[in-house]
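A closer look at the structure
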Amino acid sequence: MLQITNLSKTYPNGVQALKDVTLNISNGMFGLLGPNGAGKSTLMRTIATLQDADSGTIMFGDIDVSKQKQELRKVLGYLPQEFGVYPKVSAEEMLHYIARLKGIANDKERKELVKALLEQVNLYNHRSKSLGGYSGGMKQRFGIAQALIGNPKLIIVDEPTAGLDPAERLRFNNLLSEIGENIVVILSTHIVDDVSELCKDMAIIAGGKVVQRGNPEELVQGLENKVWSKRVGKDEVSHYQSEYKLILAKLSGGSMKVYINNDTDPGDGFKPEHATLEDIYFSNIS
Ligand code: ADP
């Protein structure tokens, strides 16, 4: 169990990136969803011992993360947002190198591990190719392979599908979903579908604060029968914004559609919609 308690962080330029964040995260896939600038990477880097908060604590089991960084690093697998690779080194060589760094000294054991990882992330046929020639999706799958070395108990993946095309994203998410249920996996993302596809537990973070927390399906259930939509002119959006609790206005088939939250049928030409996690997201970040 990962227990984050009253975590706050202000950068030297005065930006308060985390404001009293408290989250308890159990085993399984946890989605941390929020817009750009919400504080996700700050939180991920702090859990990964790469930077310190100003106040608050993070406990992973009985490891006090800010005080026992080496202990935490031994059980951590981390795929950072900006994942640099040595372009001239092959995936196989790089995994051997990282495995050696993580203390797997036995040649035979290391060879078996590297082979198994390359197969798991579906890169075995590309094992000798230099990493510089990998596509975005292949790099991210390689990133998961390196994060899995050393049987981590806590895996952090920071915005892994940003920049992937739909097929690469699907492949990457399928791979993530295979990672055990018996460890804590935190998926930080601004992509709502990543969370609805993968996570049983989630939080929405905005402006450095946790603004929503729970099981995605239950959150959506709570909004069911309360979402209404209507096609409107682009210049009418501000009218609906002032008249109703607007969830979002989005283009659909070239025209504007507004989605509102209303406990009962608002009439006025609105139609009922099924609630989605996107509605939960937009209701909470604006
Ligand atoms: P996210 O990962 O959700 O996009 P970040 O944690 O990267 O959010 O950023 C949160 C806020 O902190 C943003 O306003 C960002 O500009 C600011 N920020 C992030 N890193 C730094 C830094 N090293 N120095 C100053 N401000 C930073």
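Quick note: structure is the one above.
Now for a look at the structure at hand. (Residues numbered from 1 in each chain as written. Predicted model: local features only at pLDDT ≥ 70, side-chain atom pairs only at ≥ 80, totals over all residues. Heavy atoms only, no water.)

**Digging into the overall build of the chain**
Cut-off, in case you're wondering: Elements are defined by DSSP. Helices are runs of H or I of four residues or more, strands are runs of E of two residues or more, and each kind is numbered from the N terminus. Buried, partly exposed and exposed residues are distinguished by accessible area as a fraction of the type maximum, computed with a 1.4 Å probe on protein chains only: under 20%, between the cut-offs, and over 50%, respectively. The contact rule is simple, with two residues in contact once any of their heavy atoms fall within 4.5 Å. Using the Shrake-Rupley algorithm and a 1.4 Å probe, accessible areas are obtained, with residue cover drawn only from the displayed protein chains. Counting rule applied: Lys, Arg positive; Asp, Glu negative; His and chain ends not counted. By convention, charge coordinates are those of NZ in Lys, CZ in Arg, CG in Asp, or CD in Glu.
The number of helices and strands found in the chain is 10 helices and 14 strands. Along the three orthogonal principal directions, the C-alpha set of the chain runs to about 70 × 45 × 35 Å. Taken across its 286 residues, the chain has 47% of its residues classed as buried. A fraction of 67% describes how many contacts in the chain between residues 6 or more apart in sequence connect residues 24 or more apart. Element-wise, carbon and sulfur atoms account for 48% of the exposed surface of the chain, whose accessible area totals about 14300 Å². Separation between the mean location of the 33 positive side-chain charges and that of the 35 negative ones in the chain comes to 6 Å.

**Digging into the packing of aromatic side chains**
Our working definition: Ring geometry is summarised as follows: Phe, Tyr and Trp rings, the Trp one being its six-membered ring, pair when their centres sit within 6.5 Å, and such pairs are stacked at plane angles under 30 degrees, edge-to-face over 60 and tilted between the two.
In this structure the tally under the stated criterion is four aromatic pairs. Plain terms: the ring middles of Tyr-244 and Phe-270 are 5.1 Å apart, the flat faces sit at 70 degrees to each other, and that makes the pair edge-to-face. Of this pair, Tyr-244 sits in the loop between helix H9 (237–243) and strand S12 (245–252) while Phe-270 sits in the loop between strand S13 (255–261) and strand S14 (271–273), and the two are 26 residues apart along the sequence. Each member of the aromatic cluster is reached from another via a ring pair, and the members are Tyr-240, Tyr-244 and Phe-270.

**Things to note about the environment of Asn-225**
Here Asn-225 shows up in the loop between helix H8 (216–223) and strand S11 (227–232). Judged by relative accessible area, which is 59%, Asn-225 ranks as exposed. Note: C-alpha distance between Asn-225 and Leu-32 (193 residues apart in sequence) is 26 Å. Residues contacting Asn-225, with those up to four places away along its chain left out, are Asn-262 and Asp-263.

**Topic: the site of the ligand**
Just so we agree on the cut-off: If a single non-hydrogen atom of a residue is within 4 Å of a molecule or strand, that residue counts as near it. Polar contacts, as used here, are pairs of N or O atoms within 3.5 Å; protein pairs need one atom able to donate a hydrogen and one able to accept it. Residues neighboring in sequence count only if both atoms are side-chain atoms. Amino acid classes used here: Ala, Val, Leu, Ile, Met, Phe, Trp, Tyr, Cys and Pro are nonpolar; Asp, Glu, Lys and Arg are charged; the rest, including Gly, are polar.
The immediate surroundings of the ligand are formed by 13 residues, with Gly-37, Gly-39, Lys-40, Ser-41 and Thr-42 found nearest. Gly-39 is positioned with one of its backbone polar atoms (N or O) 3.0 Å from an oxygen atom of the ligand. Between the ligand and the protein, one listed contact pairs an oxygen atom with a side-chain N or O atom of Lys-40 at 2.9 Å. When the ligand is considered free in solution it has 560 Å² of accessible area, and contact with the protein chains removes 65% of it. Top element by residues in the shell around the ligand is helix H1 (residues 40–47). It accounts for four residues. Along the lines of polarity and charge, the residues of the shell around the ligand split into five nonpolar, six polar and two charged.

**Side note on the pattern of salt bridges**
Condition: A pairing counts as a salt bridge when a side-chain nitrogen of Lys or Arg comes within 4 Å of a carboxyl oxygen of Asp or Glu.
Within the structure shown, the criterion is met by 14 salt bridges. Here Lys-40 and Glu-159 are joined by a salt bridge, their closest N and O atoms 3.4 Å apart. Remark: Glu-159 occurs in the loop between strand S7 (154–158) and helix H6 (166–178) and Lys-40 occurs in helix H1; sequence separation between them is 119 residues. The exposure class assigned to Lys-40 is buried, which follows from its relative accessible area of 4%. Residue classification places Glu-159 among the buried residues on the basis of a relative accessible area of 7%.

**A word on the environment of Ile-205**
Tracing the backbone through its elements, the reader meets Ile-205 in strand S9 (residues 201–206). For the pair Ile-205 and Glu-181, spaced 24 residues apart in sequence, the C-alpha to C-alpha distance is 24 Å. Residue contacts for Ile-205: discarding those within four places in its chain leaves Leu-18, Leu-32, Leu-33, Gly-34, Pro-35, Ala-38, Gly-39, Lys-40 and Val-210.

**Structural notes on the sheet that holds S14**
Picture the strands of a sheet paired through backbone hydrogen bonds; they go either parallel or antiparallel. Cut-off, in case you're wondering: DSSP bridges decide pairing: two strands pair if at least two such bridges lie between them. Helix axes are fitted to C-alpha atoms over the stretch in contact, other axes to C-alpha atoms as well, and angles between N-to-C directions run from 0 to 180 degrees.
Judged by pairing direction, the sheet is antiparallel, and its four strands sit side by side in the order S12-S13-S11-S14 without closing on themselves. Two strands lie at the open edges of the sheet, namely S12 and S14, each paired on one side alone. The mean inter-strand angle of the sheet, taken between neighbouring strand axes irrespective of direction, is 35 degrees.

**Some thoughts on the nonpolar core**
Selection rule: As used here, the term nonpolar core means buried Ala, Val, Leu, Ile, Met, Phe, Trp, Tyr and Cys residues forming a set that is joined through side-chain atoms within 4.5 Å. Domain boundaries shown here were taken from an automatic or database domain assignment.
In this structure, Phe-142, Ile-144, Leu-176 and Ile-179 are the most contacted members of the largest nonpolar core, which totals 50 residues. A domain split of this core shows at least three residues from each of domain 1 (2–214) and domain 2 (223–285). Contact partners of Leu-176, with chain neighbours within four places excluded, come to Met-29, Ile-144, Val-157, Leu-187 and Leu-198. Counting residues in each nonpolar core, the second largest holds 28 residues, with Ile-25, Ile-58, Val-75 and Ile-205 among its members.

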